[in-house]
Structure formats: structure tokens, C-alpha cells
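Listed here are the chains, written in short residue letters.
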Amino acid sequence: MSTGLSWHGGRALLGAVSGARVHERAVEPGAEVGWLLHGPRRCVGAWLAGATERTACPHHATVPPDGGATQCPACQSVDRGLALARDQILDDGRTYMLYLAWFGEGLLKVGLTAEQRGDSRLLEQGALAYAFTARGSLPAVRRAELTVSASGMARERFKARLKVDHWWSHGDEAHRRTVLTEARERAHRLLDGHAVELLADRPVVDHVDRFGLAAGAPEAYGEITALADGAVIAGALRPPVGRHLFLDQPDGSGPLLLDTRRLTGWTLTPVTGRACAGLAVEERVRPPEPDTQEALF
């Protein structure tokens, strides 16, 4: 059963479980992949406090085949990551990092991640660039996050659709660095007196080249919006962008974009020589550039 895509140590890995066995495969740009999906789509279980591996769903529950949910309600209620996101964990003894992440013009996000995870969370979110901003205990960093968010300079979350739409146009690296450097300086002024260590000398890290987006997203592509039992997903991989994969099609019909969270919970069988089938696809096309000449009058 697929557990989707995650990042560890700077590498994108596709995961799957078979009983107690965990399988991981590195995502290699240019690699040909082919998967036949078998249902039903099942809950992937939960990360429990103190556990180093995901705990399987004890109910073998099913989840909707075309929805965003990958866990049943029971597993959601005990999942450590969800509890942290919902402020149900006040402190866990770990050190946390406050970050500012840039997803496109006007899309500045503030968030936190455990220091031991490095930049894995930023890579999983598809942050085009980021800067670590402060460091401290969970309660202190969470208060800092709320302070920055309340100021209006950055938001705590953006929908995936909005982030993907900004892949076509994201400025240059110097602009991204300037935006994040100035934002961090503003954040530090806001956090004066907070019980966190302010990080003024951490570098701004840029992921655009790593994600293969130096020239932007493809001019036109099909976005996979739903999967079903018996569907086939196949193609040649481009560099992963967060948890998304572009797959070039051998017939030249244009790439497909897959949010790998849609794979989660399905049983996958490797196939070769099969074309994509059983997919709901929406066409996406780069929007026209604004008419700046007309805007002058």
C-alpha cells in the first residue's frame, strides 16, 4: 500500500508498506514509472507520540477514493502531526525552528518545524525559497509564529492549488532572497523580547532549480484530479516539486501532474508498457501575461 512521497535528508522518497515491511524508492528524474492501482483505498494509519515508524490502522478502514483524506477519523484523532498542527500538544521537549517560506509573489508563509527534521518540511511543502528565522521550545516558537501571523506580514497556510498556480512565474533568485531577507528583519523586530533565539545569519535557501522550475512549470499540462480502482499512472519523472510529480507522456501529449497524496492508501502493482487510464484530468495552461501597456492608460 502506498504511503505517498516524503523527503528525508534532502531526498524525495516514495513509500509503501506491506504488512510490517516498509519500502522506499528514491524519486529519480528521468526514471520511467508505471503503477496499476488496486482498491479499496485504505487508511494509512497514524504517527503516534514517540514512535519512529507509522502505526498501521487497526481497523483496516477505507477512505474515499477521490478525496484528500488519507486517514480514518480514529487515526486522525491520535496522529501526532495533526495534534501538533491543531495546538493539542503544548510541549514535547524538542527544539523547533520558526521559518519564513516563499511560494510566489504575495505568498509568504510563517511556520514551524522540529529542528531534527532539517528542511524536510519545507521541501515537502514545495517552498520555492525559505529562511530559518528563530529557534526555541515549541511553546516559544508557536507564540512567535502567532505574532508574525497576526501582524499580517505572512500567513500560516496556503492551499495547494494557489501554490501550484504560482509555479509559472516566480521571479528570480535575487528577488526571492531580498523578499525573505527583508521579511526576516521585520519578523525580528516583531519578536523583540520573545523567548526565542533570533537567527539573523542563516542563509536564504532556494529550491527553484532543485524542483526543476527555473523556467517555470510546463506551458500546459494535465492535472490528475481523481483516481479509481484499476487506474494506471505511467510516464517519465521530472524532478519532484514538494509532494507533486510531473510525468512526461511517451506519446507527446504533454506532462501530467500528480499530487502523490492521491496515491496514498492504494495498493500499487508495477506495470510496463501501459498508457495512463482511468484518471480524471483537468487541463492547466499558463495564463497570459498582463497587458502592461494598456494599464498605463
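In this text, all values refer to a predicted model and were calculated from it rather than measured experimentally.

Rules used throughout
- Residues numbered from 1 in each chain as written.
- Predicted model: local features only at pLDDT ≥ 70, side-chain atom pairs only at ≥ 80, totals over all residues.
- Heavy atoms only, no water.
- Phe/Tyr/Trp six-rings, centres within 6.5 Å; stacked < 30°, edge-to-face > 60°.
- Helix = DSSP H or I, 4+ residues; strand = E, 2+ residues; numbered from the N terminus.
- Salt bridge = Lys/Arg side-chain N within 4 Å of Asp/Glu carboxyl O.
- Buried < 20%, exposed > 50% of the residue type's maximum accessible area, 1.4 Å probe, protein only.
- Contact = heavy atoms within 4.5 Å.
- Pairing = 2+ DSSP bridges.
- Axes fitted to C-alpha atoms, helices over the stretch in contact; angles between N-to-C directions.
- Expected span 1.5 Å × (residues − 1).
- Polar contact = N/O pair within 3.5 Å; in protein donor to acceptor, adjacent residues only side chain to side chain.

Q: How do you make sense of the packing of aromatic side chains when you look at a structure like this?
A: Any pair of aromatic rings gets described here by the distance separating the centres and the angle formed by the planes. Tallying each qualifying case throughout the model produces 6 aromatic pairs. Ring geometry for Trp168 versus Tyr221: centroids 5.8 Å apart, planes at 35 degrees, classification tilted. Taken together, the positions of Trp168 in the loop between helix H5 (160-165) and helix H6 (173-190) and Tyr221 in strand S10 (residues 220-226) put the pair 53 residues apart, joining distant regions of the chain. Seen from their ring centres, Tyr221 and Phe246 are 5.2 Å apart, and the 85 degrees between their planes marks the pair as edge-to-face.

Q: Quick question: what am I supposed to make of the pattern of salt bridges here?
A: Side chains that differ in sign of charge can pair as their charged atoms come close. Here the structure, examined in full by the defined rule, presents 17 salt bridges. The salt bridge involving Asp165 is made with Arg161; its shortest N-O contact spans 2.9 Å. Note that Asp165 and Arg161 are positioned in helix H5 at a spacing of 4 residues, about one turn of the helix. Among the residues examined, Arg161 registers a relative accessible area of 25% and is labelled partly exposed. Here Arg177 ties to Glu173 by a salt bridge, and the two come within 3.3 Å at their closest N and O atoms. Within this pair, Arg177 and its partner Glu173 are both found in helix H6, separated by 4 residues, close to a single helical turn.

Q: Help me out: how do you make sense of the environment of Leu198 in this one?
A: Examined against the element boundaries, Leu198 turns out to sit in strand S8 (residues 197-198). Assessed through its relative accessible area of 36%, Leu198 is described here as partly exposed. Note: C-alpha distance between Leu198 and Arg184 (14 residues apart in sequence) is 9.5 Å. If sequence neighbours within four positions are ignored, Leu198 has contacts with Thr133, Ala134, His188 and Leu191.

Q: Whenever I open this one, the sheet that holds strand S3 (residues 21-26) confuses me. Can you help?
A: Strand-to-strand pairing in sheets goes through backbone hydrogen bonds, with the strands running parallel or antiparallel. Read across the open sheet, the 3 strands follow the order S1-S2-S3; overall the sheet is antiparallel. Edge positions in the open sheet fall to strand S1 (2-8) and S3, since each of these has one partner strand only. Ignoring strand direction, the axes of neighbouring strands in this sheet form an average angle of 30 degrees.

Q: When you look at the sheet that holds strand S12 (residues 244-248) in this model, what are you seeing that I'm missing?
A: With mixed pairing, the 7 strands of this open sheet are ordered in space as S14-S4-S11-S12-S13-S10-S15. Each end of this open sheet is capped by a strand with a single partner; those strands are strand S14 (267-270) and strand S15 (280-285). Neighbour-to-neighbour, the strand axes of the sheet open up by a mean angle of 40 degrees, direction not taken into account. Where strand S11 (residues 232-237) lies against S12, 2 bridges are found, and the strand directions are antiparallel.

Q: In this structure, what is going on with the pairing of strand S2 (residues 11-18)? I would like to understand it.
A: Two faces belong to every sheet, and in a regular strand the side chains alternate between them. Judged from the 6 bridges that link them, S1 and S2 form a sheet pairing that is antiparallel. Considered in S2, the bridge of Ser2 is made with Ala16. In this antiparallel pair of consecutive strands, S1 and S2, the connection spans 2 residues, and Gly9 shows a positive phi of 55 degrees. With 6 bridges joining them, S2 and S3 adopt antiparallel strand pairing. Considered in S3, the bridge of Val17 is made with Val22.

Q: Honestly, unusual backbone geometry in this entry has me stumped. Any pointers?
A: Glycine aside, negative phi is the norm for most residues, and most peptide bonds take the trans geometry. Put simply, Gly39 and Pro40 share a cis peptide bond, and its omega is 0 degrees. Note that Pro40 resides in the loop between strand S4 (32-38) and helix H1 (73-78). The phi dihedral of His60 falls on the positive side, at around 50 degrees, and the residue is not glycine. Following the sequence through the fold, His60 ends up in the loop between S4 and H1. When its relative accessible area of 58% is taken as the criterion, His60 is described as exposed.

Q: Can you help me understand helix H4 (residues 138-151) in this one?
A: Because an α-helix packs 3.6 residues into every turn, residues spaced three or four apart end up facing the same way. Taking 1.5 Å per residue, 14 residues should reach 20 Å; H4 reaches 20 Å between its end C-alpha atoms and fits that length. Turning to H4, its buried residues number three or more, namely Leu138, Ala140, Val141, Arg142, Ala144, Glu145 and Val148. The elements touched by buried residues of H4 are helix H2 (80-85), strand S5 (95-102), strand S6 (108-114), strand S7 (129-137) and H6. Once H4 finishes, Gly152 follows within two positions and takes phi at roughly 90 degrees, a positive value.

Q: How do you make sense of the environment of Ser151 when you look at a structure like this?
A: Here Ser151 shows up in helix H4. Given the relative accessible area of 36%, Ser151 is considered partly exposed. C-alpha separation for the pair Ser151 and Glu115, spaced 36 residues apart in sequence, amounts to 25 Å. Within the structure, Ser151 has its side chain in polar contact with the backbone oxygen of Val148 (distance 2.6 Å).

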